[in-house]
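Residue-level structure breakdown
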Amino acid sequence: MFKSLAGVTYRVPDLQKAKDWYGQFFDQPAVLDSPFVVIFRAGDSTLNLAPAAGPAPGGEERVVAYWNVEDIDAAYRRLLDAGAASESEIATTVLRTKVARVTDPFGNSLGLMSRASEVKQNKSLEEQPSDSAMAVALSRALAAGDAREEIRGPDYLAETFLSADARRSLKDAAAREWVRKKIEAEAPGSYEYFIARTGYVDGVVRKALEQDTPQIVFLGAGYDSRSYRFRDLIRGTRIFELDIEPTQQRKRRALQQAGIAIPPQLTFVSINFTRDRLGDALEASGYDSWKKTLFVWEGVMYYLPAEAVDRTLESVRSNSPAGSVMCFDYLAAAPDMADRYGVRESRAIMRAMYRSEQVQFSIPEGGIEAFLSQRGFRLIDHLTPEAMEQRYLKLRDGSSAGKVLACFRLAQAAVA
Ligand SMILES: C[S@@+](CC[C@H](N)C(=O)[O-])C[C@H]1O[C@@H](n2cnc3c(N)ncnc32)[C@H](O)[C@@H]1O
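Calculation notes
Residues numbered from 1 in each chain as written. Predicted model: local features only at pLDDT ≥ 70, side-chain atom pairs only at ≥ 80, totals over all residues. Helix = DSSP H or I, 4+ residues; strand = E, 2+ residues; numbered from the N terminus. Rg over C-alpha atoms; globule rule 2.2 N^0.38 Å. Contact = placed C-beta atoms within 7 Å. Near = placed C-beta within 6 Å. Buried ≥ 20, exposed ≤ 12 C-beta atoms within 10 Å, placed from the backbone. Pairing = 2+ DSSP bridges. Right-handed = clockwise from strand over helix to strand, strands pointing away. Domains from an automatic or database assignment. Core = buried A, V, L, I, M, F, W, Y, C linked by C-beta atoms within 7 Å. Expected span 1.5 Å × (residues − 1). Arc of directions from axis to C-beta. Axes fitted to C-alpha atoms, helices over the stretch in contact; angles between N-to-C directions. Parallel < 35°, antiparallel > 145°, perpendicular 65-115°, else oblique. Nonpolar A, V, L, I, M, F, W, Y, C, P; charged D, E, K, R; others polar.

Quick word on the overall build of the protein chain
Scanning the protein chain for helices and strands turns up 13 helices and 16 strands. The globule rule puts the C-alpha radius of gyration for 416 residues at 22 Å, and the 22 Å found for the protein chain is close to it. Projecting the C-alpha coordinates of the protein chain onto the three principal axes gives extents of approximately 70 × 50 × 40 Å. Considering only contacts in the protein chain between residues 6 or more positions apart, those separated by 24 or more positions represent 72%.

Now the structure itself:
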């Protein structure tokens, strides 16, 4: 299972000093120089420096050796099954490797790593939790700490779903800024888009709860935290969170570890949109097709094949009364889309990072009304990137906090 030593991490009280010392010693620059880890290549392995931030649970700050494993999901699970305790859940690093840490029954830290080149290319969402859900949770966690109060994100629970190492790193303002800049360079406008999307969907869900809408269904809920953040607004509304099993299990583990109780009105439903019928899954979990419902389909549609999109829309239409609403975002297609703000870069990064979630569905720009009406829906609200900037990214002095990635649109449609 352990193939070779991937690297060793030393905790240091002064990262800069340690970086200079090792840099001189190795006579080569670091391959990654960030406020939360500095990495030097050493033959086939790496020497990693990370800031010490007080003693680790159960003792002194420790040196951690990371072992290369072929399948990090399998290795991590096997170690936990054998009695090891999780120290930091599997996470994708900025170098696109996957890392995790556990403590063996004798108190030693064991690091696991899958090199980017070795991470199995076509692992499905049935085999590992969603990377895209983790990426948006990271963006929302960053936004919740944005120094610009006017646009600061509301999702104070997003960090609950990050790995322990990521949570620890994000406590440091310099590290947060470094990650934000990295996102800005690799996927311009995506951080801004997630701020707008969170604000928009928050508004829709909040209103539905205030109006005691009988049911809310989160399709592909990922690490959506609204069921917990809006706990006090939930009265008689029944809530359903749907996602594929490994992502849902990971979410429930994270909630449990953080001591966040599941509201009694909430039911988890496991589903694979490409295989299962939404109507069947809902019916089996106590959903009532006669009651008015808000469906939230945030950040999901574009990862599904066209047949699964159509099947899901048909299930929503035929399993909810007129006046039910679907709030969703979609990718707009146009011949010049790749040349618009952030699109080329974002496509490249999504392809590289979300190996099991490839973008495969879009709607022609300007064609949303026709698309919806052909499927029994009526468009009731629609936001372009410019409208999102106006509504969600204005700073106090009237300037915009940034531009929104050009390919995304936000919308609401009513069952006709
Ligand atoms: C980008 S995340 C969005 C998560 C959440 N809605 C949010 O906005 O934070 C995409 C989500 O869709 C889910 N998903 C993708 N393909 C799916 C499928 N075939 N069946 C069920 N869920 C799927 C993923 O597991 C993931 O949680």
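Following the structure, the description resumes.
With respect to the site of the ligand
In the region of the ligand, 23 residues are neighbours, and Ser130, Ala133, Gly220, Gly222 and Gly299 sit closest. Looking at the shell around the ligand, the element that brings in the most residues is helix 3 (residues 131–143), giving three residues.

Points about the pairing of strand 10 (residues 238–243)
The side chains of a regular strand alternate, first on one face of the sheet and then on the other. In terms of residue burial, strand 10 counts as a mostly covered element, since six of its six residues are buried. Of the two faces of strand 10, the one carrying Arg238, Phe240 and Leu242 and the one carrying Ile239, Glu241 and Asp243 are both buried. The sheet contact formed by strand 9 (residues 215–219) and strand 10 spans five bridges and is parallel. Paired with Val217 across the bridge in strand 10 is Phe240. Strand direction decides the pairing type here: strand 10 and strand 11 (residues 266–270), joined by five bridges, are parallel. Considered in strand 11, the bridge of Leu242 is made with Val269. Note that the unit made of strand 10, helix 8 (residues 245–257) and strand 11 has a crossover that is right-handed.

Examining unusual backbone geometry
Non-glycine residue Asp27 carries a positive phi angle of around 55 degrees. If you trace the backbone, Asp27 turns up in the loop between helix 1 (15–26) and strand 2 (32–33). With a phi close to 65 degrees, Arg96 is a non-glycine residue in the positive phi region. By the secondary structure assignment, Arg96 is in the loop between strand 6 (85–92) and strand 7 (98–103).

Digging into the domain arrangement of the protein chain
Domain assignment breaks the protein chain into domain 1 (2–118) and domain 2 (190–415). Inter-centroid distance (C-alpha atoms) of domain 1 to domain 2 is 35 Å.

Here's the deal with the pairing of strand 8 (residues 109–114)
In the sheet, strand 5 (residues 64–69) pairs with strand 8 via four bridges, with the strands oriented parallel. Among the inter-strand pairings, Asn68 is bridged to a residue of strand 8, identified as Met113. Sheet topology note: the strand 7/strand 8 ladder contains six bridges and is antiparallel. Bridging across to strand 8, Lys98 finds its partner in Ser114.

Considerations on the nonpolar core
Ala137, Val296 and Met326 are the most contacted members of the largest nonpolar core, which has 80 residues in total. Sort the elements by how many residues they give to this core and helix 6 (residues 190–210) lands first, with 10 residues.

Description of the environment of Val31
By the secondary structure assignment, Val31 is in the loop between helix 1 and strand 2. Residue Val31 is classed as exposed on the basis of its C-beta count, with 11 C-beta atoms lying within 10 Å. Residues Val31 and Arg41, spaced 10 residues apart in sequence, show a C-alpha to C-alpha distance of 6.7 Å. Those residues within four positions of Val31 in sequence are excluded, and the remaining contacts are Ile39, Phe40 and Arg41.

Looking at helix 8
Taking 1.5 Å per residue as the helical rise, helix 8 with its 13 residues ought to reach 18 Å, and the 18 Å between its terminal C-alpha atoms agrees with that figure. Turning to helix 8, its buried residues number three or more, namely Thr247, Gln248, Arg250 and Lys251. Taken around the axis of helix 8, the buried residues stretch over an arc of 160 degrees, which confines them to a single face. The exposed set on the far side of helix 8, more than 90 degrees from its buried face, consists of Gln256 and Gln257.

Quick notes on the packing of helix 3 against helix 6
One can describe the packing of helix 3 onto helix 6 by two numbers: an axis separation of 10 Å at closest approach and a directional angle of 80 degrees. Here helix 3 is positioned roughly perpendicular relative to helix 6, judged by the angle of their axes. Contact with helix 3, carried on its side by Val136, Ser139, Arg140, Leu142 and Ala143, involves Ser190, Tyr191, Phe194, Ile195 and Thr198 of helix 6 and no other residues of that element. Within the contact of helix 3 with helix 6, the residues separate by chemical class into six nonpolar, three polar and one charged.

Some thoughts on the sheet that holds strand 7
Note: strands within a sheet are paired through backbone hydrogen bonds, in either parallel or antiparallel orientation. The mixed open sheet is built from eight strands, whose spatial order is 2-3-4-1-5-8-7-6. The sheet terminates laterally at strand 2 and strand 6, the two strands that pair on one side only. Of the strand pairs in this sheet, strand 2 and strand 3 (residues 38–42) are connected by two bridges, and their pairing is antiparallel. If you follow Asp33 over to strand 3, its bridge partner there is Val38.

Regarding helix 3
Residue pairs spaced three or four apart in an α-helix point in one direction, given the helix's 3.6 residues per turn. End to end, helix 3 covers 18 Å across 13 residues, agreeing with the expected 18 Å (1.5 Å per residue, within 8%). Most of helix 3 is tucked away: 13 of the 13 residues are buried.

Topic: the environment of Tyr392
Relative to the helices and strands, Tyr392 is located in helix 13 (residues 385–392). Given 24 C-beta atoms within a 10 Å radius, Tyr392 is considered buried. Measuring from C-alpha to C-alpha, the distance between Tyr392 and Glu192 comes to 8.7 Å, with 200 residues separating the pair along the chain. Beyond its immediate chain neighbours, meaning those up to four positions away, Tyr392 contacts Ile151, Ile195, Ala196 and Gly199.

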